[in-house]
Structure formats: C-alpha cells, structure tokens
Amino acid sequence: MTAYLITGAKIVGGEVADLLLDNGEIVAVGTNLDAPEGAETIDASGLIALPGLVDLHTHLREPGREDAETVLTGTRAAALGGFTAVFAMANTDPVADTAGVVEQVWRLGREAGYADVFPIGAVTVGRQGTQLAELGAMADSAARVRVFSDDGDCVWDAALMRRALEYVKAFGGTIAQHAQEPRLTKGAQMNEGALSGVLGLTGWPSVAEEAIIARDILLNHHVGSKLHICHLSTKGSVDIVRAAKKRGLEVTAEVTPHHLLLTEDLASSYNPVFKVNPPLRTKEDVEAVREGLADGTIDIVATDHAPHPVEDKDCEWSAAAFGMLGLETALSVVQHAMVDTKLLTWAEVADRMSYRPAAIGQIGDHGQPLVAGAPANVVLVDPAAQRVIKSAESASLSRNTPFDGMTLPGKVVATFLRGTPTVLNGQAK
C-alpha cells in the first residue's frame, strides 16, 4: 500500500498540520513531517482536512432498480462528495427485510470499494407496516445491521412501532422513522399552504410529520430504546425535538441538505426535480432547521440521496417520483447554508457529518478524529472553490439534482478510505 504525506492542511478548519497515512491508519499528525521512502506527497495548502463523511440515509437502489443507481455508481458519487461510509436504505426490490438481502448489499459495497456500505434493514415485512421483519436475523447477519427503517413509508401503527422499539432494544438497535401520517398526506404533492392552493396541488401539512415525531418520542421514552427521526423538515418538528431533548428524552434527528437551502417556491415551476418527500417547506422552516442544526437539536446532516431514471422525473408533477440526488453536493450545500453564514464551523461540520452519524449508526471505524492511530478515512476540501453544478456530469446513474445550474462553494479534492485514495485531484480513482 502506498503511503501518503498530506502537507499543510487545516485540520477541521483549524491548525495547519501534516498528515501521514500508511497501512490504513493515520500514522502521524504534526508539522514538517518527513515522507517515508516511496510515499506520495500531496500539497494541501489552503485545503481543509475532515474525517471521512458518513451518510446515514442513502438510496443505492440495488437490488431491483439498477436503472436508477447501483452500489458501484452510488458509492462512487459518495466518494466524490467526501463520504467514506454510507447507510443504504431498505426500499430495494426485493426489500431488504431478510438477512440474505442485507448481506447481498453489504457484499456489493465491499466489492465496489469506493465507500463502506452499511445496509439498513426494513422494520416490517415488505415495508408494508403490518408485521415485523426479521430484525434479529439481520442484526446477526454478516452485515451486522443496527439501524432499521421503512423509509419511504411511515411505521404509522403505534402498537407495531412500540414492538419494533422493544425488539431492537435487546441488541442496541435503532429505529429510524419516516415521520409521515399517511391519512393526512393521501395524494399530497407539496407543502400545504397558500402556494399549494394557488398551484392546484394537494397540500402536505406539517402536522403530518410533527404528530408522528411527538408520538414516537413518547413511545420511545416508554420503551427506553433508540429512536432516530429521518429528514426532519418543519419548524414544528424542530420545536418538538428541542423540547424533548430539554426534558432528557432520547431521540436523534437528521436534516437533508435540500431542506437547509430550498423552499416550496420552487414548486411554482412545476419542475418535478423539486418534488421530494417530505416536501420543500417555507423560508421560516428553512431558517428553523438551520438553527436546529446549529444548536444541536438536529444531530446530523443526511443526504436522502434518491436517484430516479429520467422517465420517472421527466413527466408531469403529479406522476413524478419523489426524491433528489444529494451525495455529490451535500458538503457544498452545508458550506453555503451553514458555514459561510457563520452558523457552523468546519469542526462542527465534522461533528454533524462524520462523528455523530457514525455514532448513531454504531460504526467504530468511521467518524474518528484526525489523530495518530485513527483509521485513515480523510477528505480534503477546497473551501475557496466555486463550481457550477451540472447534472450531466454527475457520477450517479441518475440526473435528478435540484441544484443543476447553481453555483455552490467548495470542492472535494481528495478522499481516502483506510489510506487508499478513492478520489484524487477531484476525480474518482
């Protein structure tokens, strides 16, 4: 394995230091380090070194929808976005509700090599919300599943949600809830409000999300298990989670990059690239989720990378699929929305996009500080770069990025997975 000496990087945006990567570890951190024989030197002057990013919420589509994405293409996009680990959601075909399917996804990730893939198991059989899936078997499988979700659908039955929380408590698992009361969102197309009325699109009320979050926090308090809230999107949801944490109730939550930046006004174009679940909300909601991420109410940023083939998006709004790409643009959006606005420091970005998601997902080899002896999962970012996002240049098989044509700050220059470069000079290896 080739050793790499990274010189002059700002460690999580702070002090300038060199990093020596060898044999899969960070061997040394300091100034004026000497490169061992055969090592390659990377001049990182002006670059920020972060621990490899971890995405707790990715849709890789394989098996079943390889026309939209594969584990290989999805993890390559992840590496280009600075991610060294991704958690693959269970809404594949077949659904990842058995040990066999999660092991298949896990092995595909190992073969791809761009990022470690940790499968998320379905909570219910077929994600149908009627019967618990093989949670224990998935936990005991080679994939060692510790996070379970029916994402794309809500576990709306309170009794079933309670049983799921009780079951995973035995092995320290987490239930990640897609908070959406289905009886309040039947046929919903966009955020409910004055604009949905003007556009003639069925509204998606904030309370459909908030009611499930409040219920599940109380259920989890009763059970004493681990609850994670996926893609929180409303001011009311932030208020509920903040109040729960102040009371000492156990809950973690995520926000997506697109909910940190984009608003419901984009639906006025009727361009289905802006159709997503949960929907884009109001400016007030965007400000609230930014504040929640800044003060720690919202624990992490997760991409909800949701690739779709052209035919699923290039159609009328009502027929289009929900979802947006996110892996390659997440860090740039966070820099634009949170760092450049002084709401987060780069050290806090490392916390929200590496340390905490790794801790929630229980993966010890990721989300570690950049210190000697830690796994050499490192990303180098040029914060001064400006780039125009072009959907045609995406490493994903799909093209449904809502940021097409936008100029965003920051560019991933290099990504190292256990000391092996998956990205160098901004290009996937």
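Rules used in this analysis
Residues numbered from 1 in each chain as written. Predicted model: local features only at pLDDT ≥ 70, side-chain atom pairs only at ≥ 80, totals over all residues. Heavy atoms only, no water. UniProt positions renumbered as here; feature names shortened; annotations may be inferred. Helix = DSSP H or I, 4+ residues; strand = E, 2+ residues; numbered from the N terminus. Rg over C-alpha atoms; globule rule 2.2 N^0.38 Å. Contact = heavy atoms within 4.5 Å. Areas by Shrake-Rupley, 256 points an atom, 1.4 Å probe, with all protein chains shown as cover. Lys, Arg positive; Asp, Glu negative; His and termini not counted. Charge placed at Lys NZ, Arg CZ, Asp CG, Glu CD. Core = buried A, V, L, I, M, F, W, Y, C linked by side-chain atoms within 4.5 Å. Buried < 20%, exposed > 50% of the residue type's maximum accessible area, 1.4 Å probe, protein only. Pairing = 2+ DSSP bridges. Axes fitted to C-alpha atoms, helices over the stretch in contact; angles between N-to-C directions. Domains from an automatic or database assignment. Buried area = accessible area lost by both parts, 1.4 Å probe. Salt bridge = Lys/Arg side-chain N within 4 Å of Asp/Glu carboxyl O. Polar contact = N/O pair within 3.5 Å; in protein donor to acceptor, adjacent residues only side chain to side chain. Nonpolar A, V, L, I, M, F, W, Y, C, P; charged D, E, K, R; others polar. 1 Å grid on protein atoms, 1.4 Å probe; cavity = no way out; pocket = protein on both sides within 12 Å on 5 of 7 lines; lining within 4 Å. Points joined across faces, edges and corners; volume = space filled by probe spheres on them. Phe/Tyr/Trp six-rings, centres within 6.5 Å; stacked < 30°, edge-to-face > 60°. Lys NZ or Arg CZ within 6 Å of the ring centre and 35° of its normal. Parallel < 35°, antiparallel > 145°, perpendicular 65-115°, else oblique. Left-handed = near helix turned anticlockwise from the far one by under 90°.

Going by what an unreviewed UniProt entry lists, the protein chain is known as Dihydroorotase and is assigned to Kribbella albertanoniae. UniProt's Pathway (unreviewed entry) comment on the protein chain is quoted here verbatim: "Pyrimidine metabolism; UMP biosynthesis via de novo pathway; (S)-dihydroorotate from bicarbonate: step 3/3." The record held by UniProt for the protein chain lists under Function (unreviewed entry) the comment "Catalyzes the reversible cyclization of carbamoyl aspartate to dihydroorotate."

A separate point is the overall build of the protein chain. When helices and strands are counted, the protein chain shows twelve helices and 19 strands. Over its C-alpha atoms the protein chain spans a radius of gyration of 21 Å, differing by no more than 12% from the 22 Å that the globule rule assigns to 429 residues. Each principal axis of the C-alpha atoms in the protein chain carries an extent, and together these give about 65 × 45 × 45 Å. Partitioning the intrachain contacts of the protein chain with sequence separation of at least 6 by distance along the chain shows that 74% fall at a separation of at least 24. For the protein chain, the exposed surface amounts to about 15,900 Å²; the carbon and sulfur share of it is 50%. For the protein chain, the distance from the average position of its 35 positive side-chain charges to the average position of its 54 negative side-chain charges is 4 Å.

With that settled, the discussion passes to the nonpolar core. If you look at the biggest cluster of nonpolar residues, it comprises 77 residues, and the most contacted ones within it are Phe148, Leu260, Leu331 and Met353. When sequence neighbours within four positions are dropped, the list of residues in contact with leucine 260 reads Val255, Val286, Val289, Arg290, Leu293, Val301, Val334, Ala337 and Met338. Ranked by size, the runner-up nonpolar core spans 20 residues in total, among them Ala17, Ile42, Ala376 and Leu380.

What follows concerns the sheet that holds strand S8 (residues 116–119). Hydrogen bonds between backbone atoms are what pair the strands of a sheet, whose relative direction is either parallel or antiparallel. Ordered by their spatial adjacency, three strands build an open sheet running S6-S7-S8, and the pairing between neighbours is parallel. The sheet is open, and its two borders are formed by strand S6 (53–58) and S8, each paired with just one other strand. Recorded for the sheet is a direction-independent mean angle of 20° between the axes of neighbouring strands. Relative to S8, strand S7 (residues 83–88) runs parallel, the two being bridged by four bridges. Across the sheet, alanine 88 pairs through a bridge with proline 119, a residue of S8.

One widely used convention gives an interface's size as the accessible area the parts lose upon coming together. Domain annotation of the protein chain identifies domain 1 (4–48 + 374–428) and domain 2 (52–361). Just the C-alpha atoms count here: the centres of domain 1 and domain 2 sit 26 Å apart. Each partner contributes to the interface: domain 1 provides 34 residues, whereas domain 2 provides 45 residues. Regarding the contact of domain 1 and domain 2, the summed buried area is about 3,000 Å², with carbon and sulfur atoms giving 65% of it. Interface area lost by domain 1 to domain 2 is led by Asn400, Pro402 and Phe403, which between them contribute 21%. In this structure, aspartate 116 and arginine 418 form a salt bridge, with 2.6 Å as the shortest nitrogen-oxygen distance. Counting across the interface, domain 1 meets domain 2 through 19 residue pairs in polar contact (both at pLDDT 80 or more). Mapped by element, the contributors of at least two residues to the side of domain 1 that touches domain 2 are strand S16 (378–388), strand S17 (407–417), strand S18 (420–424) and strand S19 (427–428). Looking at the side of domain 1 that touches domain 2 element by element, the count peaks at seven residues for S17. Residues that form the side of domain 1 that touches domain 2 fall into these classes: 19 nonpolar, twelve polar and three charged.

Pairing between strand S5 (residues 48–51) and S16: four bridges, direction antiparallel. Residue pairing in the sheet places alanine 49 in a bridge with leucine 380 of S16.

A separate point is the layout of surface pockets. Taken as a whole, the largest pocket encloses approximately 640 Å³ of empty space. Surrounding the largest pocket, 31 residues form its lining, Asn91, Arg127, Gly152, Asp153 and Asn277 being those nearest its centre. Considered class by class, the residues forming the lining of the largest pocket number eleven nonpolar, twelve polar and eight charged. Quantified by volume, the second largest pocket comes out at close to 480 Å³.

With that out of the way, let us pick up the packing of aromatic side chains. Overall, the coordinates contain five aromatic pairs when judged by the stated rule. Aromatic pair tryptophan 204 and phenylalanine 322: ring centres 5.7 Å apart, planes at 75°, arrangement edge-to-face. With tryptophan 204 in strand S12 (residues 203–204) and phenylalanine 322 in the loop between helix H10 (310–313) and helix H11 (330–339), this pair connects stretches of sequence that are 118 residues apart. A relative accessible area of 3% places tryptophan 204 in the buried class. Through a chain of ring-to-ring contacts, three or more aromatic side chains come together here, namely Phe148, Tyr167 and Phe171. Here the guanidinium or amino end of lysine 275 rests over the ring plane of phenylalanine 322, the centre of that ring lying 4.5 Å away.

Moving on to the packing of helix H4 (residues 158–169) against helix H6 (residues 206–223). At a minimum axis separation of 10 Å, H4 and H6 run at an interaxial angle of 45°. Of the possible angle classes, the one that applies to H4 and H6 is oblique. For the pair H4 and H6, the crossing hand works out as right-handed. Judged by residue contacts, Ala158, Met161, Arg162, Leu165, Glu166 and Lys169 of H4 engage Arg215, Asp216, Leu219, Asn220, His222 and Val223 from H6.

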